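Inside the fold
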Amino acid sequence: MIKSLLQCIRRGLAVFGVYRRRRAARQRRGACRLTILMYHRIGCASPGNSRLSVSTARFEDHLRFLQSHYDILDMDTAVELLRAGRSPQRNSVAITFDDGYADNVQNALPLLMKHEVPALVYVVPGYVGTDKLFWWDRLGLVAEATIAADGESLSNRSWYLGAVREIIERCGRDVGIAESVHALGDKFQTLEPAKRDLILDEWEHSVAAHMDSAATSRHVTADWNALRQLAESRVDVGCHTVTHACLTMLPPQAAKQEIEEARVLIETQVGLPVRHFAYPYGQAGYVSSVLPHMVQEAGFQSACLAIPGACQGSGLFTLPRVYAGDFDTRDLEIQIERIRSPIVPPVPPARPMESIHA
Ligand SMILES: [Zn+2]
């Protein structure tokens, strides 16, 4: 209720040009802001998670809006400004994409080139050139298949217990698939990867007849040729660990390896230096205080979180980013312009890695 009231107020502010006047006032004071935007997928919806995708038409609207009201900086320029402690001459944004999906090249790149806009894609080399899907896409697809399957046939499976059972049982009943997958996703995020894969393998097997076999190709990451094509355009390639690891759940040496090896793999394949990093699951609680030092020591110039905020005053290795979803341009403006509280320094996760009993 309060949230939707606030959103109405913000829409009103946007409609009456309040944000535009604030930007102009900041520019007069020489206090322009830089905001880093975080996209994931363009023109291809992740199964069961609409938050990750922006339609192609909306994305082009975003580019036109951003070009009219902001300078769009490449990440090197943005980081240089921040390092020097300077404000940009105009209010500015930088555009980033997480996870390196194939649709970034197929759908976003032509628009970025058409509008001559720089951007950066954070890739996960352990997935590049394979047909492996990220666990959240597997989860979305298997949840969709479960809706189509006979729910009774799942209830006696040994793995079908606890939180998984509770949430699956709600699928297709009074709770929507997106909400169910979202709830289950929170649980899966904190599982050991091997345990998570085992659950998904068994679950997929159980509903194999209902799985969309053509779906895999829609949700894979870009291959190395496509990433080289990106790098030859005005799109930089950044690093997002080897396996999209939740770094705070790994021993320090393994975390270090995820960061350093990813960089070497990308540089070897793409043939260009990789200077920028984004923490997988970069929300508060999933980025410990040692990780920014580790990323810096690995030779990166910057590291981005998935926590919203303005960049001025943030450390180069804890840069906030603003989520860019399938919004119209007024809501995009609100996302960028709404007042942000200062970034809270990252803290270790409050809870240990969980296991769903098999
Ligand atoms: Zn990611």
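**Quick word on the overall build of the protein**
Within the protein, the regular secondary structure consists of 14 helices and ten strands. Across the 358 residues in the protein, those meeting the buried criterion constitute 51%. Partitioning the intrachain contacts of the protein with sequence separation of at least 6 by distance along the chain shows that 75% fall at a separation of at least 24. Accessible surface, the protein: about 16,300 Å² in total, of which carbon and sulfur atoms supply 53%.

**A look at the nonpolar core**
Among the nonpolar cores identified, the biggest contains 76 residues, and Tyr39, Phe59, Leu66, Ile95, Phe97 and Tyr279 are the most heavily contacted of them. Beyond its immediate chain neighbours, meaning those up to four positions away, Ile95 contacts Leu37, Tyr39, Leu63, Leu66, Ile72, Val117, Pro118, Ala119 and Leu120. Phe134, Leu139, Leu200 and Trp203 belong to the second-largest nonpolar core, a separate cluster that totals 24 residues.

**Notes on the environment of Arg64**
In this fold, Arg64 is placed in helix α3 (residues 56-69). Measuring from C-alpha to C-alpha, the distance between Arg64 and Val117 comes to 10.0 Å, with 53 residues separating the pair along the chain. Apart from the residues within four sequence positions on either side, Arg64 is in contact with Lys114 and His115.

**Things to note about the coordination of the zinc ion**
At 2.1 to 2.2 Å from the zinc ion lie its protein donor atoms, namely Asp99 (OD), His240 (NE2) and His244 (NE2). Mapping the donors of the zinc ion onto the primary sequence yields the spacing D-x140-H-x3-H. Assessed through its relative accessible area of 1%, His240 is described here as buried. Residue classification places His244 among the buried positions, given a relative accessible area of 6%.

**What to know about the pairing of strand β6 (residues 119-123)**
Counting buried positions along β6 yields five of five residues, so the element is predominantly enclosed. Of the strand pairs in this sheet, strand β5 (residues 92-98) and β6 are connected by three bridges, and their pairing is parallel. Residue pairing across strands places Thr96 opposite Leu120, the latter belonging to β6. For the segment spanning β5, helix α5 (residues 102-114) and β6, crossover handedness is right-handed.

**Re a nonpolar patch on the surface**
Judged by side-chain polarity, Ile2, Leu5, Leu6 and Ile9 come together as a nonpolar surface patch covering roughly 400 Å² of accessible area. The class of Ile2 is exposed, set by a relative accessible area of 65%.

The rules behind each value
Residues numbered from 1 in each chain as written. Predicted model: local features only at pLDDT ≥ 70, side-chain atom pairs only at ≥ 80, totals over all residues. Heavy atoms only, no water. Helix = DSSP H or I, 4+ residues; strand = E, 2+ residues; numbered from the N terminus. Buried < 20%, exposed > 50% of the residue type's maximum accessible area, 1.4 Å probe, protein only. Contact = heavy atoms within 4.5 Å. Areas by Shrake-Rupley, 256 points an atom, 1.4 Å probe, with all protein chains shown as cover. Core = buried A, V, L, I, M, F, W, Y, C linked by side-chain atoms within 4.5 Å. Donors = N, O, S within 2.8 Å, 3.2 Å for Na, K, Ca; no water. Pairing = 2+ DSSP bridges. Right-handed = clockwise from strand over helix to strand, strands pointing away. Patch = residues over 30% accessible without salt bridge, like charges linked within 9 Å, V, L, I, M, F, W, Y side chains within 5 Å. Salt bridge = Lys/Arg side-chain N within 4 Å of Asp/Glu carboxyl O.

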